[in-house]
Amino acid sequence: MKPLLASRPVLWFLFLFNLAVAIAAPFVAHGPQAVLTGVGMGAVSLGAGISLFRTRRKPV
């Protein structure tokens with residue numbers, strides 16, 4: 001499972017999807033549910049973004 005989650009397409013999906021959900025959460029839900037959803041999805045998106053940055057391809 002770890003090689004699948006570390007692949008670049010999966011990391012891009014996690015980054016973009018969770019970022020979109022974190023941005024849309026306050027418009028869909030209200031109150032503490034929106035805040036916690038935004039924070040949780042934002043944390044996952046941030047983690048995927050950091051992994052993408054760490055595993056970026058080096059120019060030749």
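Residues numbered from 1 in each chain as written. Predicted model: local features only at pLDDT ≥ 70, side-chain atom pairs only at ≥ 80, totals over all residues. Heavy atoms only, no water.

### Overview of the packing of aromatic side chains
Applying the stated criterion across every chain yields a total of 2 aromatic pairs. Summarising the aromatic geometry, the rings of Trp12 and Phe15 are spaced 6.0 Å apart at their centres and angled 80 degrees between planes, so their arrangement reads as edge-to-face. Highlighted residues: Trp12 and Phe15, both in helix α2 (residues 8-28), separated by 3 residues, approximately one helical turn. On the basis of relative accessibility, which here comes to 41%, the residue Trp12 falls in the partly exposed class. Taking the relative accessible area as the measure of exposure, Phe15 reaches 23% and is therefore partly exposed. Their ring planes at 10 degrees and their centres at 5.4 Å tell us that Phe13 and Phe17 sit as a pair that is stacked. Of this pair, Phe13 and Phe17 both sit in helix α2, 4 residues apart, roughly one helical turn. Classification of Phe17 by relative accessible area gives partly exposed; the value is 43%. (Phe/Tyr/Trp six-rings, centres within 6.5 Å; stacked < 30°, edge-to-face > 60°. Helix = DSSP H or I, 4+ residues; strand = E, 2+ residues; numbered from the N terminus. Buried < 20%, exposed > 50% of the residue type's maximum accessible area, 1.4 Å probe, protein only.)

### Digging into the packing of α2 against helix α3 (residues 32-54)
Relative orientation of the contacting elements α2 and α3 amounts to 155 degrees, with a least axis distance of 8 Å. Between α2 and α3, the angle is such that the two are roughly antiparallel. Relative to α3, α2 is oriented so that their crossing is left-handed. Here α2 contributes Arg8, Leu11, Trp12, Leu14, Phe15, Asn18, Leu19, Val21, Ala22, Ala25 and Pro26 to the contact with α3, which in turn contributes Ala34, Thr37, Gly38, Met41, Gly42, Val44, Ser45, Ala48, Gly49, Ser51 and Leu52. Partitioned by chemical class, the residues of the contact of α2 with α3 number 14 nonpolar, 7 polar and 1 charged. (Axes fitted to C-alpha atoms, helices over the stretch in contact; angles between N-to-C directions. Parallel < 35°, antiparallel > 145°, perpendicular 65-115°, else oblique. Left-handed = near helix turned anticlockwise from the far one by under 90°. Contact = heavy atoms within 4.5 Å. Nonpolar A, V, L, I, M, F, W, Y, C, P; charged D, E, K, R; others polar.)

### Here's the deal with α2
Its 21 residues place the ends of α2 29 Å apart at the C-alpha level, agreeing with the 30 Å of an ideal helix rising 1.5 Å per residue. The sharpest bend along α2 comes to roughly 30 degrees, located at Ala22, with the proline Pro26 sitting one to four residues further on. Looking at α2, one finds that the buried residues are Leu11, Asn18, Ala22 and Ala25. Residues of α2 that are buried in the fold lie against α1 (2-5) and α3. (Expected span 1.5 Å × (residues − 1). Bend = angle between axes of the 7 residues up to and from the residue.)

Taken by themselves, the reported measurements are silent on function.
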